[in-house]
Amino acid sequence: MKVSLLFGALVLGFGLVLPVAAQDGHDHSAHQGQTHSEEGALGTSAETPEFIRGDIIYGDGAAPIEVIEYGSMTCPHCKLFMDEIAVYLKENLIPSGKVRLVFRNFVRDQLDLAVSVATRCTSDTALAKDLLESYFDKQVAWATSNDPKTTIFAIAAARGVEADALEKCLQSREMFEHVIGIARDGHEKYQINSTPTVIMNGEKLTFHGYDDLKAQINAAVETIQ
């Protein structure tokens, strides 16, 4: 899915305004009919909840093959990556200690940003992964909902995240700016123009379908056997 990064002001339907990576040429206001600039004037909370910072890593952090996915929570291709590549790696290559999978957020729109923050609304790495996978699994439900906030909260609640805690995360400027910073740093380092973008041991990969990507990862694993 092609994207072109701009950094401007974003109005969220959760009561805040902040700078964000938006996508030129894409409709990043799909839910903006539910937002109002006066809501953003309420500002953000000074309180910063405990949250997962940086990479979300599957496997041994010292594994010799590092596969990084820059993914968007609203990107259908990224959901498919989770369904096909992440599952394949977790079942076949990560247990051997030869591969680690790293997920990095690459926000495309305001709903993506909110859900990205929701996935990190915990200090428990295992729970963050569970939230990440749950939001991808139920992507259609919250991404197309007339009331996305209610759906986002329900998914978090099913994983044990209380509404008050999630509300604090969604009002934390530090959390939003952290997620935005991940996308900005990725764009600056790798000139990302689509999601998912896959980096293997520092090299941005070109692949034609996920079978091709699996083959490239397997070929890299064979070189260390």
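Refer to the structure printed above.
This one's a predicted model, so the numbers in the text were calculated from it and none came from an experiment.

Conventions used here
- Residues numbered from 1 in each chain as written.
- Predicted model: local features only at pLDDT ≥ 70, side-chain atom pairs only at ≥ 80, totals over all residues.
- Heavy atoms only, no water.
- Helix = DSSP H or I, 4+ residues; strand = E, 2+ residues; numbered from the N terminus.
- Buried < 20%, exposed > 50% of the residue type's maximum accessible area, 1.4 Å probe, protein only.
- Contact = heavy atoms within 4.5 Å.
- Areas by Shrake-Rupley, 256 points an atom, 1.4 Å probe, with all protein chains shown as cover.
- Axes fitted to C-alpha atoms, helices over the stretch in contact; angles between N-to-C directions.
- Parallel < 35°, antiparallel > 145°, perpendicular 65-115°, else oblique.
- Left-handed = near helix turned anticlockwise from the far one by under 90°.
- Salt bridge = Lys/Arg side-chain N within 4 Å of Asp/Glu carboxyl O.
- Expected span 1.5 Å × (residues − 1).
- Pairing = 2+ DSSP bridges.
- Disulfide = S-S within 2.5 Å.

S.K.: Just checking my understanding: could you explain the overall build of the protein for this structure?
M.R.: Each helix and strand counted, the protein has 9 helices and 7 strands in total. Across the 225 residues in the protein, those meeting the buried criterion constitute 50%. Here the analysis covers contacts within the protein between residues at least 6 apart in sequence; of these, 75% occur between residues at least 24 apart. With an accessible surface of roughly 9900 Å², the protein has 49% of that area assigned to carbon and sulfur atoms.

S.K.: Hey, could you run me through the packing of helix 4 (residues 125-137) against helix 6 (residues 148-158) in this one?
M.R.: Geometry of a packed helix pair, given as the angle between the helix axes and the separation of the axes. Running from N to C, helix 4 and helix 6 point in directions that differ by 135 degrees, and their axes come no closer than 10 Å. Classified by the angle their axes make, helix 4 and helix 6 are oblique. Remark: the crossing between helix 4 and helix 6 carries right-handed chirality. Residues Leu131, Ser134 and Tyr135 of helix 4 form the contact with helix 6, whose participating residues are Ile152, Ile155 and Ala156.

S.K.: I would appreciate a short explanation of unusual backbone geometry in the present structure.
M.R.: Working note: non-glycine residues mostly have negative phi, and peptide bonds are mostly trans. Cis rather than trans, the peptide bond between Thr195 and Pro196 has omega equal to -5 degrees. Following the sequence through the fold, Pro196 ends up in the loop between helix 8 (173-190) and strand 6 (197-200). If you check the backbone angles, Gln191 has positive phi at about 50 degrees while not being a glycine. A positive phi is found at Asn201, a non-glycine position, where the angle reads about 50 degrees. Within the fold, Asn201 resides in the loop between strand 6 and strand 7 (203-204). Assessed through its relative accessible area of 45%, Asn201 is described here as partly exposed.

S.K.: What am I meant to see in the pattern of salt bridges here?
M.R.: Close approach of charged atoms allows side chains with opposite charge to pair. Using the criterion set out here, one finds 9 salt bridges in the structure. With a shortest N-O distance of 3.6 Å, Arg108 and Asp109 are connected by a salt bridge. In this pair, the class of Arg108 matches that of Asp109, namely buried. Note that Lys149 and Glu167 form a salt bridge whose closest N and O atoms lie 3.3 Å from each other. With Lys149 in helix 6 and Glu167 in helix 7 (residues 163-169), the pair connects residues that are 18 residues apart, well separated along the chain. For Lys149, a relative accessible area of 29% translates into the label partly exposed. For Glu167, a relative accessible area of 27% corresponds to the partly exposed category.

S.K.: Would you mind showing me how to read helix 8 here?
M.R.: An α-helix turns once per 3.6 residues; consequently, residues spaced three or four apart project the same way. Taking 1.5 Å of rise per residue, the 18 residues of helix 8 would be expected to cover 26 Å, and the 26 Å separating its terminal C-alpha atoms lies within 8% of that figure. Buried within helix 8 we find Met175, Phe176, Val179, Ile180, Gly181, Ile182, Ala183, Gly186 and Tyr190. A positive phi of about 50 degrees marks Gln191, the residue just after helix 8.

S.K.: Sorry if this is basic, but what is going on with the sheet that holds strand 3 (residues 56-58) here?
M.R.: Within a sheet, neighbouring strands are paired by backbone hydrogen bonds and run either parallel or antiparallel to one another. Spatial ordering of the open sheet is given by 3-5-4-6-7, a layout of 5 strands whose pairing is mixed. Each edge of the open sheet carries a strand with a single partner, namely strand 3 and strand 7. With 3 bridges connecting them, strand 3 and strand 5 (residues 99-105) associate as antiparallel partners. Across the sheet, the residue bridging to Ile57 is Val102, located in strand 5. Together, strand 3, strand 4 (65-71), strand 5 and strand 6 form the strand contacts of helix 2 (residues 76-93), whose direction differs from that of strand 5 by roughly 155 degrees. Contacts from helix 9 (residues 210-222) reach strand 4, strand 5 and strand 6 within the one sheet, and its direction differs from that of strand 6 by about 10 degrees.

S.K.: Got a minute to help me understand the state of the cysteines in this structure?
M.R.: In a disulfide, the sulfur atoms of two cysteines are covalently bonded to one another. By the definition in use, this model includes 1 disulfide. Paired through a disulfide, Cys121 and Cys169 show a sulfur-sulfur distance of 2.0 Å. Looking along the S-S bond of the Cys121-Cys169 disulfide, the torsion reads about 80 degrees, which is the right-handed sense. Here Cys169 lies in helix 7 and Cys121 lies in the loop between helix 3 (110-119) and helix 4, a separation of 48 residues in the sequence.

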